[in-house]
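Survey of secondary and tertiary structure
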Amino acid sequence: CFVCIRHGLFSCLAGVSVARICVYFFFQAEDGIRDRSPSRGLGDVYKRQDLKKLLKEEKKEVREQIAEYKRRRRTVQFGTYYRLADSFQENQSAWNIVSEDGMEVIFTHVQILARSAYRVPVIRLKGLDPDAVYTDCETGQEYGGDELMYAGIRIPRIRQDFSSTTMVLRKS
């Protein structure tokens, strides 16, 4: 499956070619609803199930995820993407996207497989203003741009495969 976030193209058909030149993000569809939106944080908000069969709570969650994506769509589509950890080299993947005006940063970390004993990852963001202060939109915690880029963010230890963490930061 792929989705082209710049042109809004979507396909799950093998062998389909698209004539436009654009960036594609490939993903593996999953049946569960939990953690779908954060782990695919680059715009995939579809559900591979019959929406008529979803429970009320699941429909509400899907609506919330779509609304959240619409709030962040401009940053995802037109911001600058930075790969911070490569899943082909490590047991994790991480990236941050900085909006065109530098006022919003979306950071996502995905732990691939849970391990019983490992070093807690510290991820250093890229493309920020080192002299600015960034506020976590969910918690209100403030970070210096230099702190985020040079000291990094400690990822909490989660004992679950394919767990994800997403932070949206706003430049003050």
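Residues numbered from 1 in each chain as written. Predicted model: local features only at pLDDT ≥ 70, side-chain atom pairs only at ≥ 80, totals over all residues. Heavy atoms only, no water.

**Regarding the overall build of the protein chain**
- A tally of regular secondary structure across the protein chain gives three helices and eleven strands.
- Going from N to C terminus, the protein chain has its helices and strands arranged as β-β-β-α-α-β-β-β-β-β-β-α-β-β.
- Taken over 172 residues, the protein chain has a buried fraction of 40%.
- Long-range pairs, those at least 24 residues apart, make up 52% of the contacts in the protein chain with a sequence separation of at least 6. (Helix = DSSP H or I, 4+ residues; strand = E, 2+ residues; numbered from the N terminus. Buried < 20%, exposed > 50% of the residue type's maximum accessible area, 1.4 Å probe, protein only. Contact = heavy atoms within 4.5 Å.)

**Concerning the confidence of the model for the protein chain**
- Residues with a pLDDT of 70 or more make up 71% of the protein chain, whose mean pLDDT is 76.
- The low-confidence segment residues 1-37, where pLDDT is below 50, has 70 contacts with residues more than four positions distant or belonging to other chains.
- Within the model, the stretch residues 43-47 combines pLDDT values under 50 with 18 contacts to residues more than four positions away or in other chains. (pLDDT = per-residue confidence, 0-100.)

**A closer look at the pattern of salt bridges**
- The full count for this structure, using the stated rule, is six salt bridges.
- Between E104 and R72 there is a salt bridge, and its shortest N-O distance comes to 2.5 Å. Of the two residues, E104 sits in strand β6 (residues 104-111) while R72 sits in helix α2 (residues 56-78), which places them 32 residues apart along the sequence. Like E104, the residue R72 is buried in the burial classification.
- The closest approach of N and O atoms between K171 and D129, which form a salt bridge, is 3.4 Å. Taken together, the residues span a long stretch of sequence, with K171 in strand β11 (residues 164-171) and D129 in the loop between β7 (122-123) and β8 (133-136) at a distance of 42 residues.
- The exposure class of D129 is partly exposed, given its relative accessible area of 27%.
- A cluster of three or more residues bridged by salt bridges with shared partners is formed by E68, R71, R72 and E104. (Salt bridge = Lys/Arg side-chain N within 4 Å of Asp/Glu carboxyl O.)

**Side note on the side chain of S93**
- Structurally, the position occupied by S93 is in strand β5 (residues 92-98).
- With relative accessibility at 10%, the residue S93 sits in the buried group.
- Look past the residues within four positions of S93 in its chain and what remains in contact with it is R83, A85, S87, T108, H109 and V110.

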